[in-house]
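Below, each chain spelled out in residue letters.
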Amino acid sequence: MSRNSAWRRRVGEPTRPHPHHTPHRRAEAMKIGIIGAGNIGGNLTRRLTALGHEVAVANSRGPHTLTALAEETGAIPVTVAEAARGARVVVVTIPVRAVPGLPTGLLDDAEEGVVVIDTGNYYPQERDGRIAAIEDGLPESRWTEEQIGHPVVKAFNGTYAQDILDKALPKGAPGRQALPVAGDDAAAKQTVRDLIDELGFDTVDAGGLDESWRQQPGTPVYGNRGDADAIAKALAEASPERTAQWRA
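Here goes a summary of the coordinates provided. (Residues numbered from 1 in each chain as written. Predicted model: local features only at pLDDT ≥ 70, side-chain atom pairs only at ≥ 80, totals over all residues. Heavy atoms only, no water.)

1. A word on the packing of aromatic side chains
- Enumeration over the complete set of coordinates arrives at two aromatic pairs.
- A centroid spacing of 5.8 Å and a plane angle of 40° characterise the contact between Y123 and W246, whose relative ring orientation is tilted. Here W246 lies in the segment after α9 (228-236) and Y123 lies in the loop between β5 (115-118) and α4 (124-128), a separation of 123 residues in the sequence.
- Judged by its relative accessible area of 17%, Y123 falls in the buried class. (Phe/Tyr/Trp six-rings, centres within 6.5 Å; stacked < 30°, edge-to-face > 60°. Helix = DSSP H or I, 4+ residues; strand = E, 2+ residues; numbered from the N terminus. Buried < 20%, exposed > 50% of the residue type's maximum accessible area, 1.4 Å probe, protein only.)

2. So, the nonpolar core
- Counting residues in each nonpolar core, the largest one holds 29 residues, and the members touching the most others are I32, I34, L44, L48, F156, V192 and I196.
- Counting only elements with at least two residues in this core, the list comes to β1 (31-35), α2 (39-50), β2 (54-58), β4 (89-92), β5, α7 (161-166), β7 (178-181) and α8 (186-199).
- Looking at this core element by element, the count peaks at five residues for α8.
- Apart from residues lying up to four places away in sequence, L44 is in contact with I34, V91, F156, I164 and L199.
- I35, A83, A87 and A110 belong to the second largest nonpolar core, which has 26 residues in total. (Core = buried A, V, L, I, M, F, W, Y, C linked by side-chain atoms within 4.5 Å. Contact = heavy atoms within 4.5 Å.)

3. Some words on the pairing of β7
- Of the two faces of β7, the one carrying A178 and P180 and the one carrying L179 and V181 are both buried.
- The pairing of β7 with strand β8 (residues 202-205) spans four bridges and is parallel. Residue L179 lies in a different strand from β8, and its bridge partner there is T203.
- Following the chain from β7 across α8 to the adjacent parallel β8, one finds a crossover that is right-handed. (Pairing = 2+ DSSP bridges. Right-handed = clockwise from strand over helix to strand, strands pointing away.)

4. Focus: the environment of D185
- With respect to the element layout, D185 can be found in the loop between β7 and α8.
- By relative accessible area, D185 is classed as partly exposed at 40%.
- Residues D185 and G208, 23 residues apart in the sequence, show an inter-C-alpha distance of 8.1 Å.
- Polar contacts involving the side chain of D185 include one to the main-chain amide nitrogen of A187, which spans 2.9 Å. (Polar contact = N/O pair within 3.5 Å; in protein donor to acceptor, adjacent residues only side chain to side chain.)

5. Quick notes on unusual backbone geometry
- Phi is positive for F156, which is not a glycine, with a value near 70°.
- Structurally, F156 can be placed in the loop between β6 (153-154) and α7.

6. Remarks on the sheet that holds strand β3 (residues 76-77)
- What the six strands build is an open sheet, ordered β3-β2-β1-β4-β5-β6; its pairing is parallel. The open sheet terminates on both sides in strands that have one partner only, identified here as β3 and β6.
- Two strands pair when backbone bridges link them, and β2 and β3 are joined in this way by two bridges, in the parallel orientation. Across the sheet, residue V57 finds its bridge partner in β3, namely P77.
- Those strands touched by α2 are β1, β2 and β4, and its axis lies near 165° from that of β1. (Axes fitted to C-alpha atoms, helices over the stretch in contact; angles between N-to-C directions.)

7. Considering the pattern of salt bridges
- Throughout the structure, instances matching the rule amount to 16 salt bridges.
- Salt-bridge contacts for D184 lead to R142; the nearest nitrogen and oxygen are separated by 2.9 Å. On the criterion of sequence distance, the pair formed by D184 in the loop between β7 and α8 and R142 in helix α6 (residues 140-148) is long-range, its members being 42 residues apart.
- For R142, a relative accessible area of 14% corresponds to the buried category.
- A cluster of three or more residues bridged by salt bridges with shared partners is formed by R142, E145, D184 and D210. (Salt bridge = Lys/Arg side-chain N within 4 Å of Asp/Glu carboxyl O.)

The structure is reproduced here in C-alpha cells:
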C-alpha cells in the first residue's frame, strides 16, 4: 500500500473528488497541500479537486473543522504539520502574522523540489500589526520565504476569491483574466503558471521575488481583473512606495 493510500485511510476521508464535481482528470494529477481554508484556500481546494488533483487541506483550528469542505470536495483534512507530506505543490494562504508560527520542518516530508505558493498580503492596520522588515521595504513574499526557509512563488495574492470559481475561461478565450506570478526559480514559477492556466486563467511573469512588490496591496495590479496586456501594464506602472493606507 502506498504512503498516500495509507494516509487517506488513516484520516478516513474519500479517496476521490465528490461525485457532484465530475472532474476532468489530468494525465498526471499532483498532490497539493493547502495551508489555510479561508476564501482563497477554500476555493482553490474546490477547483483543484474538481480538476483531479489530490488535495490535503489544513487550517489552524484542526481537521475536525474542515469536515464540510472535505465532504463537498473530496479533499483530505489534515493538521498543518501534515499538509505538505508527499506534496508536489504547497499553497500557504494564511495571515502574514501567522507565518512564523508554521511548524518547524513543515516541508521536510514534501516531494523533492516542492513548489511553495505564497498568496499572502501584509495588512498592518487591519490584521497583522507592524512587521519592521516589511515596513523597511523587504518584499512581503521575501519575508515569508525567510520565515519558512524555502523559496516561494507569489501568486493569487491580488485575486478575488470568488473569481477562482466564476471567472475561469479556456486557453485563448478573449478577455481571459490574467494573474501575475513572481519568483526566483524558473521551474517552480512555470509549475505555478501551468497550474493557473489549468484553473482557467492566463499569467504574466512578474519577475523575481525582489520585484514582487509590484503586486502587493495598493499597486495597480492588486485586484486587477484585466487580461495579460492589462496586467503587464499595471505591473510596469507600480511604485515601490507603500502608501499610507498600507503602512503601519
